[in-house]
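Below are the chains, spelled out letter by letter.
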Amino acid sequence: DTAVSQTPKYLVTQMGNDKSIKCEQNLGHDTMYWYKQDSKKFLKIMFSYNNKELIINETVPNRFSPKSPDKAHLNLHINSLELGDSAVYFCASSQDLGTGTNEKLFFGSGTQLSVL
Amino acid sequence: KNQVEQSPQSLIILEGKNCTLQCNYTVSPFSNLRWYKQDTGRGPVSLTIMTFSENTKSNGRYTATLDADTKQSSLHITASQLSDSASYICVVSAGFGNEKLTFGTGTRLTIIP
């Protein structure tokens, strides 16, 4: 069974469109995240949710809106897509907020978003 | 500014050989340092996590070292296998909480038969 699964794997769309990426984890974790990996392979956190509550929102345009219907799901909706949004988006989860020194992050396989 | 730098950017070695990847960081306050393996088209997978008081940790053929004084870490891979071909990412935590992680850009390792 896949621990953290996200769909779709690939997403190709035109500028200005609205799209969503879904993420689900079956690990029973309380915290979920969205990361963006740019063309230089640099991973940067976008959002962090703990028990369906937003914990952190990094400097992300408000065109990006995460939604957590329950603690096992964290979806990412993107409005008015721009060329610069092209990247790989990773969902991740951890047992808690990562306050333990041995906190592990479990990542999904990523969604490659290409905006044309 | 918190930064994590890794070297080399890429590395090619023959199957069966050993290799060492380097990580230098300027992250404060320091909580822990992690190494992740990222296969092509997949998400990163945790290999090791080390706190300030730990200077070495092993996971099978992977051994990570940490020198908190010089702010350096290394990942040593022994008897490399084709399946070790991946990007290896060094991640440093500034304080507690996964939102405080700073990621390096990784070392792309290729094992050739």
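Predicted model, so just to flag it, every value in this text is computed and none were measured.

Quick look at unusual backbone geometry
Alright, step 1. With an omega dihedral of 0°, the bond running from A:Thr7 to A:Pro8 counts as a cis peptide bond.
Alright, step 2. By secondary structure assignment, the location of A:Pro8 is in the loop between β1 (4-7) and β2 (10-13).
Alright, step 3. The linkage connecting B:Ser7 with the following residue, B:Pro8, adopts the cis geometry, with an omega of -10°.
Alright, step 4. Along the chain, B:Pro8 turns up in the loop between β1 (3-7) and β2 (10-14).
Alright, step 5. The backbone phi angle of A:Ser80 is positive, close to 45°, even though this residue is not glycine.
Alright, step 6. Owing to a relative accessible area of 38%, A:Ser80 belongs among the partly exposed residues under this scheme.
Alright, step 7. Phi is positive for B:Ala79, close to 50°, though the residue is something other than glycine.
Alright, step 8. Looking at the element boundaries, B:Ala79 is found in the loop between β8 (72-77) and β9 (86-94).

Focus: the sheet that holds strand β6 (residues 56-59) of chain B
All names here are of chain B.
Alright, step 1. What the 5 strands build is an open sheet, ordered β1-β3-β8-β7-β6; its pairing is antiparallel. On the outer flanks of this sheet lie β1 and β6, each paired with one strand and no other. Each adjacent strand pair in this sheet contributes to an overall mean axis angle of 15°, direction not counted.
Alright, step 2. Relative to strand β7 (residues 62-67), β6 is paired through 4 bridges, and the arrangement is antiparallel.

Looking at the environment of A:Asn50
Residue and element names in this part refer to chain A.
Alright, step 1. For Asn-50, the location among the structural elements is in strand β5 (residues 43-50).
Alright, step 2. The buried category is assigned to Asn-50, whose relative accessible area is 14%.
Alright, step 3. Between the C-alpha atoms of Asn-50 and Ser-94, which are 44 residues apart in sequence, the distance is 9.4 Å.
Alright, step 4. Among the polar contacts listed, one links the side chain of Asn-50 to the side chain of Thr-31, at a separation of 2.8 Å.

Side note on the state of the cysteines
Alright, step 1. For the structure shown, the criterion picks out 2 disulfides over all chains.
Alright, step 2. Note that A:Cys23 is cross-linked by a disulfide to A:Cys91, the S-S spacing being 1.9 Å. For the disulfide bridge between A:Cys23 and A:Cys91, the dihedral angle about the S-S bond is near -75°, and by the sign convention the bridge is left-handed. Placement of the pair is A:Cys23 in strand β3 (residues 19-25) and A:Cys91 in strand β9 (residues 87-94), with a sequence separation of 68 residues. Grouping residues by exposure puts A:Cys23 and A:Cys91 together as buried.
Alright, step 3. B:Cys23 shares a disulfide with B:Cys90; S-S distance 2.0 Å. Taking the sign of the torsion about the S-S bond as the criterion, the disulfide between B:Cys23 and B:Cys90, at about -70°, is left-handed. Separated by 67 residues along the polypeptide, B:Cys23 in strand β3 (residues 19-26) and B:Cys90 in strand β9 bring together distant segments of the chain.
Alright, step 4. The exposure class assigned to B:Cys90 is buried, which follows from its relative accessible area of 0%.

Re the side chain of A:Asp30
Residues and elements named next belong to chain A.
Alright, step 1. Inspection of the secondary structure assignment puts Asp-30 in the loop between β3 and β4 (31-37).
Alright, step 2. Given a relative accessible area of 19%, Asp-30 falls into the buried group.
Alright, step 3. Among the polar contacts made by the side chain of Asp-30, one reaches the side chain of Lys-71 at a distance of 2.7 Å.
Alright, step 4. Apart from residues no more than four positions distant in its own chain, Asp-30 is found in contact with Tyr-49, Asn-50, Asn-51, Lys-71, Ser-94 and Gln-95.

So, how was this worked out
- Residues numbered from 1 in each chain as written.
- Chains lettered and ligands numbered in written order.
- Predicted model: local features only at pLDDT ≥ 70, side-chain atom pairs only at ≥ 80, totals over all residues.
- Heavy atoms only, no water.
- Helix = DSSP H or I, 4+ residues; strand = E, 2+ residues; numbered from the N terminus.
- Buried < 20%, exposed > 50% of the residue type's maximum accessible area, 1.4 Å probe, protein only.
- Pairing = 2+ DSSP bridges.
- Axes fitted to C-alpha atoms, helices over the stretch in contact; angles between N-to-C directions.
- Polar contact = N/O pair within 3.5 Å; in protein donor to acceptor, adjacent residues only side chain to side chain.
- Disulfide = S-S within 2.5 Å.
- Contact = heavy atoms within 4.5 Å.

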